[in-house]
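# Fold and contact review
Chain by chain, the residues run as shown.
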Amino acid sequence: TRKQLEDIVGSSCLAVLPTLAPKASTLGKRWSRKEQGAFEQISEIEPFSETAEALRYIKVAIDLHPAGCKVIGIVSALPGEGKSTVSSNLAAMLANSGLKTLLIDADLRNRKLTRMRRKSKGVGLVEAVIKGMSWREVANLDKRARVVFVPTLLNRRMPHTGELLASVGMRRFLDSAKDTFDYII
């Protein structure tokens, strides 16, 4: 539940997004390369739906947060629930409104955002955290969405991904980016 999540994480849950059912016309179809992009659009959501309301609430809650860089984590209980879609759209929405936005693919088990992008510097979040690299050394600019993106590049599966994300190195990485960005997603 929302309350359980807040108790476990020790932070506020801004919204709970309902499941988006795929359109009948897309069931069983594979997305073509042309249709895939690092910044997918949530389209055809009814303006007064639960999903639209939740997304608006998230934006308002973010806007009301005190000044300074805001670090926002998008999580879900199960794979395929839309973390990549929501985080990329939120990042694009913020960047398009003129805010400096850093989007990090921190899903170390399923690097969907990284796979959708074609460019990379050959290093990413894991190398930055482990080796103490700056975000500038691993980030790429998506000119279309005006979002700075940090990929996750792994040659092997990591058994303890939570430890890396909760590490002092990750905290240092985020702290160094806070001086440059208004939002880190």
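Presented here is a report on the structure given in the accompanying data block. Everything numeric in this text was worked out from a predicted model, so none of it was measured. (Residues numbered from 1 in each chain as written. Predicted model: local features only at pLDDT ≥ 70, side-chain atom pairs only at ≥ 80, totals over all residues. Heavy atoms only, no water.)

## Some words on the pairing of strand 4 (residues 147–150)
Operational definition: The classification of residues rests on relative accessible area computed with a 1.4 Å probe and restricted to protein chains. Under 20% of the type maximum is buried, over 50% is exposed, and intermediate values are partly exposed. Numbering goes from the N terminus for both helices and strands, where a helix is a DSSP run of H or I of at least four residues and a strand is a run of E of at least two. Paired strands, in this sense, are two strands between which DSSP finds at least two bridges.
Side chains Val147 and Phe149 project from strand 4 onto one buried face, and the interleaved Val148 and Val150 project onto a second face that is buried too. As paired strands, strand 2 (residues 101–104) and strand 4 are joined by 3 bridges and run parallel to one another. From the neighbouring strand, Leu102 faces strand 4, where its bridge partner is Val148. Sheet topology note: the strand 3 (residues 140–142)/strand 4 ladder contains 3 bridges and is antiparallel. Bridging from a neighbouring strand, Leu141 pairs with Val148 of strand 4. The hairpin turn running from strand 3 into strand 4, its antiparallel successor, is 4 residues long, and Arg146 in that turn takes a positive phi close to 60°.

## Observations regarding a nonpolar patch on the surface
Just so we agree on the cut-off: By definition, no residue in a patch forms a salt bridge, and every one has over 30% relative accessible area; like charges are joined within 9 Å, nonpolar side chains (Val, Leu, Ile, Met, Phe, Trp, Tyr) within 5 Å. A 1.4 Å probe and the Shrake-Rupley method give the accessible areas. Residues count as covered only by the protein chains that appear here. The salt bridge definition used is simple: a Lys or Arg side-chain nitrogen within 4 Å of an Asp or Glu carboxyl oxygen.
Taken together, Leu5, Ile8, Val9 and Val75 make up a surface patch of nonpolar side chains, about 410 Å² in accessible area. With respect to the secondary-structure elements, Val9 resides in helix 1 (residues 2–9). On the basis of relative accessible area, Val9 is assigned to the exposed category, the value being 55%.

## Here's the deal with the environment of Lys70
Filter applied, for reference: In this analysis, two residues are considered to be in contact whenever any of their non-hydrogen atoms come within 4.5 Å of each other.
On the secondary structure map, Lys70 appears in strand 1 (residues 70–71). Along the sequence, Lys70 and Asp182 sit 112 residues apart, while their C-alpha atoms lie 6.3 Å from each other. Not counting chain neighbours up to four residues away, the residues in contact with Lys70 comprise Ile62, His65, Asp182, Tyr183 and Ile184.

By themselves, these are just geometric observations and shouldn't be taken as functional.
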